[in-house]
Amino acid sequence: MSIIINAIILLSILGFLSGTFLAFAEKKFEVKEDVRVIFAENLLPGINCGACGYPGCSGFAKGFANGDVKPEGCLPGKRQGVPEKLTKLSKMSDDELRKIWEEINEDPDKIKEKF
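These numbers come from a predicted model, not from an experiment.

Colleague: So what's going on with the pattern of salt bridges? Residues and values would help.
Modeller: Across all of its chains, the model carries one salt bridge by this definition. Residue Asp94 pairs with Arg36 through a salt bridge whose shortest N-O separation is 3.2 Å. Taken together, the residues span a long stretch of sequence, with Asp94 in helix H5 (residues 94–103) and Arg36 in helix H2 (residues 35–43) at a distance of 58 residues.

Colleague: Quick rundown of the packing of H2 against H5? Include the residues and the values.
Modeller: The packing of two helices is summarised by the inter-axis angle and the distance between the axes. In the contact formed by H2 and H5, the axes pass within 10 Å of each other and the chain directions differ by 65°. Where H2 crosses over H5, the handedness of that crossing is left-handed. Here Val35, Arg36, Ile38 and Phe39 of H2 come into contact with H5, specifically with Asp94, Leu97, Arg98, Ile100 and Trp101. Looking at the contact of H2 with H5 residue by residue, the classes come out as six nonpolar, no polar and three charged.

Colleague: Any chance you could break down the nonpolar core for me, citing the residues and the numbers?
Modeller: Generally speaking, a soluble globular protein has its nonpolar side chains buried in company with each other. Among the nonpolar cores identified, the biggest contains 23 residues, and Phe39, Leu44, Leu86, Leu89, Trp101, Ile111 and Phe115 are the most heavily contacted of them. Taken together, the elements giving at least two residues each to this core come down to H2, helix H3 (57–66), helix H4 (82–91) and H5. Among the elements that line this core, the one with the most residues is H2, at six residues. Non-local contacts of Ile111, meaning those with residues more than four positions away in its chain, are made with Ile38, Phe39, Asn42, Leu43, Trp101 and Ile104.

Colleague: Residues and numbers for the environment of Gly59, please.
Modeller: Within the secondary structure, Gly59 sits in helix H3. As a C-alpha pair, Gly59 and Val37 span 22 residues in sequence and 9.3 Å in three-dimensional space.

Colleague: Quick one: what's the story with H3, residue by residue and with numbers?
Modeller: The complete set of buried residues in H3 reads Cys57, Gly59, Phe60, Ala61, Gly63 and Phe64. Contact partners of the buried residues in H3: H2 and H4. Count one or two residues on from H3 and you reach Gly67, which has phi positive near 90°.

Colleague: Give a detailed account of the packing of H2 against H4, specifying residues and quantitative values.
Modeller: Between H2 and H4, whose axes approach to 10 Å, the crossing angle comes to 165°. Taken as axis vectors, H2 and H4 run roughly antiparallel relative to one another. H4 is crossed by H2, and the crossing has right-handed handedness. Here Arg36, Phe39, Ala40 and Leu43 of H2 come into contact with H4, specifically with Val82, Lys85, Leu86, Leu89 and Ser90. For the contact of H2 with H4, a count of residues per class yields six nonpolar, one polar and two charged.

Each value, and the rule that gives it
Residues numbered from 1 in each chain as written. Predicted model: local features only at pLDDT ≥ 70, side-chain atom pairs only at ≥ 80, totals over all residues. Heavy atoms only, no water. Salt bridge = Lys/Arg side-chain N within 4 Å of Asp/Glu carboxyl O. Helix = DSSP H or I, 4+ residues; strand = E, 2+ residues; numbered from the N terminus. Axes fitted to C-alpha atoms, helices over the stretch in contact; angles between N-to-C directions. Left-handed = near helix turned anticlockwise from the far one by under 90°. Contact = heavy atoms within 4.5 Å. Nonpolar A, V, L, I, M, F, W, Y, C, P; charged D, E, K, R; others polar. Core = buried A, V, L, I, M, F, W, Y, C linked by side-chain atoms within 4.5 Å. Buried < 20%, exposed > 50% of the residue type's maximum accessible area, 1.4 Å probe, protein only. Parallel < 35°, antiparallel > 145°, perpendicular 65-115°, else oblique.

Structural data, given as structure tokens:
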């Protein structure tokens with residue numbers, strides 16, 4: 001009976017230590033996303049057509065955030081006013097975007113309401 005109890009105690013300790021290590025590693029190696037990419041991706045129509053020359057809306061958003069693409073590059077979004085929204089986004093500072101991101105409680109679905 002003591003072998004079973006010892007095994008349970010050992011596995012509990014190993015589980016606790018592994019969980020602690022994984023929690024530390026998650027915080028230490030966290031990848032922070034660029035808020036501009038999130039905003040740009042959610043302002044795009046989301047049809048992933050590739051007409052802009054990128055594999056989808058997420059690729060276009062990353063290119064836009066890096067400054068590789070002009071706002072007029074999204075052809076299907078022209079009717080929806082995407083170039084104007086992206087131009088407005090590019091003129092905003094990082095502090096303004098972070099403030100808006102906190103106001104909407106980090107919910108990407110609420111981004112279109114702000115623009």
